[in-house]
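Each chain, written out:
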Amino acid sequence: MPFSERAILEAILFASGDPIPFSRLADASGIAEKQLPTVLNDLNQHYADNGHALQVLLLEQTAQLCTREPYAPYIQAALEQKRTLPLTPAALEVLTIAAYHQPVTKRFISHVRGIDSGSLVNTLVERELLEEAERMDLPGRPIAYRTTNTFLRCFGLSSLKDLPPLPEIPVPETIDPSDHPA
């Protein structure tokens, strides 16, 4: 009895628990990579139409099976998970800088914020919202950081293209000192 493409993808995603790149899903399932979004969206529609608690998250070129948000309190109660602390305004600033300018160094973030932000970057790496992207070709070879798929999931984004545009800030005109008395 052959299995449906939906069932094959569902089994792989369920067993993994983590996001799986489309290329790996295609290799494992035998489904063409360009067909995966269609089959995964079909699986999501099946879940929605039948009142399932599951959904497939599509994050850039990866997919992950997870529960729908309304079920989170029940899952937390069953697993007795500790609630994660909310992000501080300072942590949100660091994430914003990283998201819009990535890859970025700790020094760049600190320069933009006007305050040392190294410990905040370390905390965000521990929380898997930032990750090491590369070593810069600069003296000391500093680490450059980028946002992660966890960041995208936490903020309900499919990709960085979904970030809202930055507001335009008017640049003040230059002041001619001869126009003003001393």
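Thresholds, definitions, all that
- Residues numbered from 1 in each chain as written.
- Predicted model: local features only at pLDDT ≥ 70, side-chain atom pairs only at ≥ 80, totals over all residues.
- Heavy atoms only, no water.
- Core = buried A, V, L, I, M, F, W, Y, C linked by side-chain atoms within 4.5 Å.
- Buried < 20%, exposed > 50% of the residue type's maximum accessible area, 1.4 Å probe, protein only.
- Helix = DSSP H or I, 4+ residues; strand = E, 2+ residues; numbered from the N terminus.
- Contact = heavy atoms within 4.5 Å.
- Pairing = 2+ DSSP bridges.
- Axes fitted to C-alpha atoms, helices over the stretch in contact; angles between N-to-C directions.
- Parallel < 35°, antiparallel > 145°, perpendicular 65-115°, else oblique.
- Salt bridge = Lys/Arg side-chain N within 4 Å of Asp/Glu carboxyl O.

Draft legend 1. Expanded view of the nonpolar core. In this structure, Val94, Leu95, Ile109, Val121, Leu124, Leu130 and Phe151 are the most contacted members of the largest nonpolar core, which totals 19 residues. Those elements that place two or more of their residues in this core are α5 (89-101), α7 (118-126) and α8 (149-154). Counting residues per element, this core draws most heavily on α5, which supplies six residues. Beyond its immediate stretch of four places on either side in the chain, Val121 contacts Val94, Lys106, Ile109, Leu130 and Tyr145.

Draft legend 2. Structural context of the sheet that holds strand β5 (residues 130-135). Taken together, the three strands give an open sheet; going across it, the order is β4-β6-β5, and neighbouring strands pair in antiparallel fashion. The sheet is open, and its two edges are formed by β4 (104-105) and β5, each paired on a single side. Where β5 lies against strand β6 (residues 143-147), five bridges are found, and the strand directions are antiparallel. Looking at β6, one finds that Leu130 is bridged to Thr147.

Draft legend 3. Summary view of the packing of α5 against α7. As a packed pair, α5 and α7 sit with axes 10 Å apart at the nearest point and diverge in direction by 80°. In terms of orientation, α5 and α7 fall into the roughly perpendicular class. Facing Ala90, Ala91, Val94 and Leu95 of α5, the residues of α7 in contact are Leu120, Val121 and Leu124.

Draft legend 4. Quick look at the sheet that holds strand β1 (residues 20-21). One open sheet accounts for three strands, arranged β1-β3-β2; its pairing is antiparallel. Each edge of the open sheet is held by one strand with a lone partner, namely β1 and β2 (54-59). Bridge count between β1 and strand β3 (residues 62-67): two bridges; the pairing is antiparallel. Its bridge partner being in β3, Pro21 is matched across the sheet by Thr62. Against the sheet, helix α3 (residues 36-49) makes contact with β2 and β3, and its axis sits at roughly 150° relative to β2, the strand it touches most.

Draft legend 5. Spatial organisation of the pairing of β6. With two bridges connecting them, β4 and β6 associate as antiparallel partners. Of the residues in β6, the one forming a bridge with Thr105 is Ala144.

Draft legend 6. Broad picture of the pattern of salt bridges. As enumerated under the stated definition, the model contains four salt bridges in all. A salt bridge links Glu93 to Arg113; the nearest nitrogen and oxygen atoms lie 2.7 Å apart. Separated by 20 residues along the polypeptide, Glu93 in helix α5 and Arg113 in helix α6 (residues 106-113) bring together distant segments of the chain. Residue Glu93 is classed as partly exposed on the basis of its relative accessible area of 40%. In this structure, Arg141 engages Asp137 in a salt bridge whose closest nitrogen and oxygen atoms are separated by 3.9 Å. For Arg141, a relative accessible area of 42% corresponds to the partly exposed category. With a relative accessible area of 72%, Asp137 lands in the exposed category.

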